[in-house]
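# Chains, contacts and geometry: an overview
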Amino acid sequence: MFKEDRLPQNAREGIIFMLIVSIISVNTIGPIILGLERGFSVANYLETLKVIPFMWVIVILLVKLVAGPLVRKVLPKFVGQTDGFNARVLLNIVMNVTVLSVLLTIIGTWVGMRQISLEPFHNFFPTWFRNFGVAFWIELLVAQPIARFAMKKIHASQANRAANISS
């Protein structure tokens, strides 16, 4: 799967891919979750804008230090040699969203409230299931397809440049 043109193939492309996914995710998932909690309004959206830069840094750190390594270790136990690209991507999304939504259900509440408390644990499961659902569908239908499309375009451009140079 290393040469799949819809996935990053080097560190620079990996950074671009992660930036695309994380920026889309943080700018959509957070406002939707807050809207579901407090109602959808301009005031609530503006409130999320104050927190988004902090959440973006937290998400990047969690992906690189927790979710990524954990999913890379566990994923091979669930995928087979004959599993296709879409099956692998779907399982990767499910695993990453599960880990991140569990952590961010707690951490996101703390950041939003600007204090560490036991509040996120009081209604953890209903809140987590909602957060997982929102994050899963945003990742599956918006963030990941856009990032994979960008990778495909980058690789097509590289192939065109290589073809023009050789001819």
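Just so we're clear, the structure is a prediction, and the values are computed from it rather than from any experiment. Residue numbering note: each chain is counted from 1, following its sequence as written. It should be noted that, the model being predicted, local features are given only for residues of pLDDT at least 70 and side-chain atom pairs only at 80 or more, the latter also being counted only at that level, while totals for whole chains, interfaces and linings use all residues. Computation of side-chain values covers all heavy atoms of the structure but excludes hydrogens and water.

Here we take up the side chain of S25. Secondary structure elements follow DSSP: runs of H or I no shorter than four residues count as helices, runs of E no shorter than two count as strands, and numbering proceeds from the N terminus. As for its position among the elements, S25 is in helix 1 (residues 11–38). When its relative accessible area of 7% is taken as the criterion, S25 is described as buried. Only protein chains enter the accessibility calculation, which uses a 1.4 Å probe. A residue is then buried if its area is under 20% of the maximum for its type, exposed if over 50%, and partly exposed in between.

So, about the side chain of N96. Within the secondary structure, N96 is located in helix 3 (residues 85–113). What makes two residues a contact is simply this: any of their non-hydrogen atoms within 4.5 Å. Beyond its immediate stretch of four places on either side in the chain, N96 contacts A67, G68 and V71.

Here the focus is the packing of helix 1 against helix 5 (residues 124–166). When two helices pack together, their arrangement is captured by the angle between the axes and the distance separating the axes. For helices, the axis comes from a line fit to the C-alpha atoms of the stretch in contact; other axes are also lines fit to C-alpha atoms, and the angle between any two N-to-C directions lies between 0 and 180 degrees. Between helix 1 and helix 5, the shortest axis-to-axis distance is 8 Å and the interhelical angle comes to 150°. Relative to helix 5, the element helix 1 lies roughly antiparallel. Seen from above, helix 1 lies across helix 5 with right-handed handedness. Ten residue types, Ala, Val, Leu, Ile, Met, Phe, Trp, Tyr, Cys and Pro, are classed as nonpolar, four, Asp, Glu, Lys and Arg, as charged, and the remainder, Gly among them, as polar. Looking at the contact of helix 1 with helix 5, its residues break down into 19 nonpolar, seven polar and six charged. Roughly parallel refers to an angle under 35 degrees, roughly antiparallel to one over 145, roughly perpendicular to one between 65 and 115, and oblique to any angle outside these ranges. Here is the rule for handedness: rotate from the far helix to the near one, and if that takes an anticlockwise turn smaller than a right angle the crossing is left-handed, while a clockwise turn gives right-handed.

A separate point is the environment of N131. Mapped onto the secondary structure, N131 falls in helix 5. Assessed through its relative accessible area of 8%, N131 is described here as buried. As a C-alpha pair, N131 and R148 span 17 residues in sequence and 23 Å in three-dimensional space.

Before going further, it helps to examine the packing of helix 3 against helix 5. Taken N-terminus to C-terminus, the directions of helix 3 and helix 5 make an angle of 135°; their axes are 8 Å apart at the nearest point. In terms of orientation, helix 3 and helix 5 fall into the oblique class. Crossing geometry of helix 3 relative to helix 5 is assigned as right-handed. Residues F85, V89, L90, I93, V94, V97, T98, S101, V102, T105 and I106 of helix 3 form the contact with helix 5, whose own contacting residues are F124, T127, W128, N131, F132, A135, F136, E139, L140, Q144 and R148.

With that settled, the discussion passes to the packing of aromatic side chains. Centre-to-centre distance and the angle between the planes together describe a pair of aromatic rings. Side-chain rings of Phe, Tyr and Trp, where Trp is taken by its six-membered ring, are said to pair if the distance between their centres is within 6.5 Å; with planes under 30 degrees apart they count as stacked, over 60 as edge-to-face, and otherwise as tilted. Tallying each qualifying case throughout the model produces eight aromatic pairs. With a centroid separation of 6.5 Å and an interplanar angle of 5°, the aromatic rings of F124 and W128 are classed as stacked. Of this pair, F124 and W128 both sit in helix 5, four residues apart, roughly one helical turn. W128 shares its class with F124; the two are buried. An angle of 35° between the planes, with centres 6.4 Å apart, marks the rings of F125 and F129 as tilted. Linking F125 with F129, this pair stays in helix 5, spanning four residues, or about one helical turn. Of the residues examined, F125 reaches a relative accessible area of 55% and is grouped as exposed. Through pairs of rings, three or more aromatic residues link up here, namely F124, F125, W128, F129, F132, F136 and W137.

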